[in-house]
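# Notes for the structure review
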Amino acid sequence: MPIDTVVFDLGNVLVKWDRRLLYEKLIVDEAELDRFLDEVLTLEINADLDRGVSLHDVTATLADRHPDDRELIEAFRDRWPETLGDILHDSVAILEELRAQPLALLALSNWGRETFAQSEPHLPFLRHFDALVISGREGVVKPDPAIFRLLCDRYGTRPESAVFIDDSEANVVAAAALGFETVHFVSPAQCRTELIALGLDLRPTGS
């Protein structure tokens, strides 16, 4: 069945995201930086935001648990946009080419409600999407099948005629199990090549 919908993840597909981008400005010692990110401000803490827990509650609870790191933890609340890196312009070029075609373009991202609101002004490519499904707004995260079903129900998406692009293998596996075509994102060039193989009208890599 021809593809009529393309669903993009956002972080590390269209824009770089890494806690280290903020904290390497605040923690000079590499070993201390690793300790803080591995033991205090872990990826699991950020996942609480993705599930819809408020940024204030997450950071307040963590600061109470690690009072010696309170100032660093509060920087995550106050300076979150500094965890964003460069926009991946070669990926955005794919999005722009698809925008010129009769396709539905949707974003499906694990992202906190408040942190996404802080990030939107820094992500001009969002204007190319027909709709955004942000986990923190919905209270459910990838790879839970429920968030894929929510997208399908809300926007009339048929998995068998949609392709889902994500840098997380677990999310790609979950989408494939629901019938989506999938691209496990590694690089813009690889993504472009796989989308062309699925029948999408894109310029070949290097052209």
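In what follows, the accompanying structure is described.

Calculation rules
- Within any chain, residue numbers begin from 1 and follow the written order of that chain's sequence.
- Local features in this predicted model are restricted to residues whose pLDDT is 70 or higher, and side-chain atom pairs enter the listing and the counts only when it is 80 or higher, whereas totals over whole chains, interfaces and linings include all residues.
- The side-chain numbers reported here are obtained from all heavy atoms of the structure, hydrogens and water having been left aside.
- Under the DSSP-based scheme used, a helix requires at least four consecutive residues in state H or I and a strand at least two consecutive residues in state E, with every element numbered from the N terminus.
- With C-alpha atoms as the basis for the radius of gyration, the globule rule is written as 2.2 Å multiplied by the number of residues raised to the power 0.38.
- For the exposure calls, accessible area comes from a 1.4 Å probe over protein chains only, and a residue counts as buried if that area is under 20% of its type's maximum, exposed if over 50%, partly exposed in between.
- Only the protein chains shown count as cover for residues, and the accessible areas themselves come from Shrake-Rupley with a 1.4 Å probe.
- Asp and Glu count as negative and Lys and Arg as positive, but His and the ends of the chain are not part of the count.
- Every charge is mapped onto a representative atom, which is NZ of Lys, CZ of Arg, CG of Asp or CD of Glu.
- The criterion is simple. A nonpolar core is a set of buried Ala, Val, Leu, Ile, Met, Phe, Trp, Tyr and Cys residues joined through side-chain atoms within 4.5 Å.
- Working rule for contacts: check all heavy atoms of both residues, and any pair within 4.5 Å makes them a contact.
- For this analysis, a ring pair means two rings from Phe, Tyr or Trp (six-membered ring only for Trp) whose centres lie within 6.5 Å, classed as stacked if their planes differ by under 30 degrees, edge-to-face if by over 60, and tilted for the remaining angles.
- Helix axes use the C-alpha atoms of the stretch in contact, all axes being lines fitted to C-alpha atoms, and the angles between their N-to-C directions lie in the range 0 to 180 degrees.
- For classification, angles of less than 35 degrees are called roughly parallel, those exceeding 145 degrees roughly antiparallel, those between 65 and 115 degrees roughly perpendicular, and all remaining angles oblique.
- Crossings are assigned a handedness: left-handed for a near helix turned anticlockwise from the far helix by less than a right angle, right-handed for a clockwise turn.
- Nonpolar residues are Ala, Val, Leu, Ile, Met, Phe, Trp, Tyr, Cys and Pro. Charged residues are Asp, Glu, Lys and Arg, and all others, Gly as well, are polar.
- Pairing between strands is defined by DSSP: at least two bridges between them are needed.

## Here we look at the overall build of the protein chain
Across its full length, the protein chain carries eleven helices and seven strands. Expected size for 207 residues packed as a compact globule is a radius of gyration near 17 Å; at 18 Å, the protein chain falls within 12% of this value. The C-alpha extent of the protein chain, read off along each of the three principal axes, is 55 × 35 × 30 Å. Scored against the burial criterion, the 207 residues of the protein chain give a buried share of 48%. A total of about 9,800 Å² of accessible surface is found on the protein chain, and carbon and sulfur atoms cover 50% of it. Across the protein chain, 20 positive and 38 negative side-chain charges occur, with their mean positions spaced 4 Å apart.

## Remarks on the nonpolar core
Counting 52 residues, the largest nonpolar core has Val6, Phe8, Leu10, Tyr23, Phe125 and Phe129 as the members making the most contacts within it. Aside from chain neighbours lying at most four places away, what touches phenylalanine 125 is Leu10, Leu14, Val15, Ile87, Val92 and Leu95. Residues Ala131, Val133, Leu151 and Ala162 belong to the second largest nonpolar core, which totals 15 residues.

## Some points on the packing of aromatic side chains
The geometry of two aromatic rings is summed up by the distance between their centres and the angle between their planes. Considering all chains together, one arrives at nine aromatic pairs under this definition. Arranged with centres 6.3 Å apart and planes meeting at 65°, the rings of phenylalanine 76 and tryptophan 80 form a pair that is edge-to-face. Given the relative accessible area of 1%, phenylalanine 76 is considered buried. Between the aromatic rings of phenylalanine 148 and phenylalanine 164, the centroid separation amounts to 5.2 Å while the plane-to-plane angle is 80°, which identifies the pairing as edge-to-face.

## A closer look at the packing of helix α3 (residues 43-50) against helix α4 (residues 55-65)
Viewed as axis vectors pointing N to C, α3 and α4 meet at an angle of 150°, and their least axial separation amounts to 9 Å. In terms of their interaxial angle, α3 and α4 are classed as roughly antiparallel. The way α3 lies across α4 gives a crossing that is right-handed. Between α3, through Ile45, Asp48 and Leu49, and α4, the contact on the second element is made entirely by Leu55, Val58, Leu62 and Arg65. Residue classes in the contact of α3 with α4 are distributed as five nonpolar, no polar and two charged.

## Quick notes on the sheet that holds strand β4 (residues 104-109)
Reading across the sheet, the five strands line up as β5-β4-β1-β6-β7 and stay open at both edges, with parallel pairing between neighbours. Pairing within the sheet leaves two strands with one partner each, and these edge strands are β5 (131-134) and β7 (181-184). Here the strands of the sheet are splayed against their neighbours by 20° on average, with no regard to which way each runs. Here strand β6 (residues 162-166) runs beside β7; their pairing, made up of four bridges, is parallel. Across the sheet, isoleucine 165 pairs through a bridge with valine 183, a residue of β7. Along the sheet, helix α6 (residues 89-99) makes contact with β1 (5-8) and β4, crossing β1 at roughly 155°. Contacting β1, β4, β5 and β6, helix α9 (residues 145-155) runs over the sheet at an angle of about 155° to β5.

## As for the side chain of serine 109
With respect to the secondary-structure elements, serine 109 resides in strand β4. Filtering out sequence-adjacent residues up to four positions away, serine 109 remains in contact with Asp9, Leu10, Gly11, Val133, Ile134, Ser135 and Lys142.

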